[in-house]
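Structure at a glance
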Amino acid sequence: MKKKIAIKCLKAAFIGLVLLLLYAPILLLAVYSFSSTNTIGTSGSFSFAHYKKLFGDPVILTMIGNTLLLALLAAILSTILGTTGALGMYYLKRRQKAFLNGVSQIPVVNAEIVTALALAIAFVSVGISKSYFTLLIGHMVICTPFVVLSVLPKLKQMDNSLYEAALDLGANPAKALFRVVLPQIIPGVVSGFMLAVTLSLDDYIVTSYTKPAGFDTISTYVFNATMKGNAHTAETLASFWALTTLIFVIILAVVLVANFSGRRKKEAKK
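Presented here is a report on the structure given in the accompanying data block. Remember, predicted model here, so these are calculated numbers, not experimental data.

Glancing now at the packing of aromatic side chains. Counted by the stated rule, this structure contains 10 aromatic pairs. A ring pair is formed by F34 and F48, whose centres lie 5.8 Å apart and whose planes are at 85°; its orientation type is edge-to-face. Highlighted residues: F34 in the loop between helix 1 (2–32) and helix 2 (49–56) and F48 in the loop between helix 1 and helix 2, separated in sequence by 14 residues. F48 sits in the partly exposed class, given a relative accessible area of 43%. Between Y132 and F215, the aromatic rings sit 5.5 Å apart at their centres with planes inclined by 75°, giving edge-to-face as the arrangement. Here the residue Y132 occupies a position in helix 7 (residues 132–157), and F215 occupies one in the loop between helix 10 (205–210) and helix 11 (218–228), the gap between them amounting to 83 residues. Under the relative-accessibility criterion, Y132 is labelled partly exposed at 26%.

So, in structure tokens, the structure goes:
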């Protein structure tokens, strides 16, 4: 009995250590986001100055708005394209399915810099200058394969007899798709959408190669501000500690709510 308790304590301690190592940088930024200092490692008094800077600077707010809007547009379009592609691949013959599955995973296994260069060269080759359109296409290229990878497993778990039964009962293919198939794969679609949003928010390389001049996202703005390295940019970068803290708190709240709601549904079924 004591041995089992000791093993459980060791497992809990190991998991706690791993989580601490993973989230220590974020927790450090969260602590310094409530400090008056602009440099990590220096002392400062408790202050909301970074949050005031974050919500009071129109340039930062515009950049955050650009990032969120781009992420949502790219995620919505990638989810539609990826879900449609996954459905088409699932109902193809084995050889065609294997070929398309391999092609769709190229952006996943490929180095992102290669994808970014390929997109830039392709746009130049056809005479398309950098614009919001090229930026959106670039984000869709890196997000869509992950949507496909999220939807395909749900399609494989689906009971095909339900779709066939809907057709036998008089439903046309479109109605059977939206009424029978989509409800069964909606968890994969939602997972793919959330993954696409995360990838778009996080991306820097593809964004820097496809964005128009004067347009900035969080990643490109932080990189450019870091390269300048003056006192003004130090204050601006410090305000991103507050942004990091807010994003972390929002994601943590969403995960906790999703877990609690999932547990309640399982308990209700029992």
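A86, V151, L152, L155, V181 and I185 are the most contacted members of the largest nonpolar core, which totals 27 residues. When sequence neighbours within four positions are dropped, the list of residues in contact with V181 reads L87, Y91, L155, M158, Y163 and A176. By size, the runner-up hydrophobic cluster in this structure holds 9 residues, among which are Y51, L54, I64 and Y221.

This next bit is on the environment of F215. F215 gets classed as buried once you look at its relative accessible area, which sits at 12%. A sequence separation of 153 residues divides F215 from T62, and the C-alpha atoms of the two residues are 9.8 Å apart. Setting aside residues up to four positions removed in sequence, F215 forms contacts with N66, Y132 and L135.

Overall, the coordinates contain 2 salt bridges when judged by the stated rule. We note a salt bridge from D57 to K53, for which the minimum N-O separation is 3.1 Å. Here the two residues D57 and K53 agree in accessibility, since each one is buried.

Basis of the calculations
Residues numbered from 1 in each chain as written. Predicted model: local features only at pLDDT ≥ 70, side-chain atom pairs only at ≥ 80, totals over all residues. Heavy atoms only, no water. Phe/Tyr/Trp six-rings, centres within 6.5 Å; stacked < 30°, edge-to-face > 60°. Helix = DSSP H or I, 4+ residues; strand = E, 2+ residues; numbered from the N terminus. Buried < 20%, exposed > 50% of the residue type's maximum accessible area, 1.4 Å probe, protein only. Core = buried A, V, L, I, M, F, W, Y, C linked by side-chain atoms within 4.5 Å. Contact = heavy atoms within 4.5 Å. Salt bridge = Lys/Arg side-chain N within 4 Å of Asp/Glu carboxyl O.

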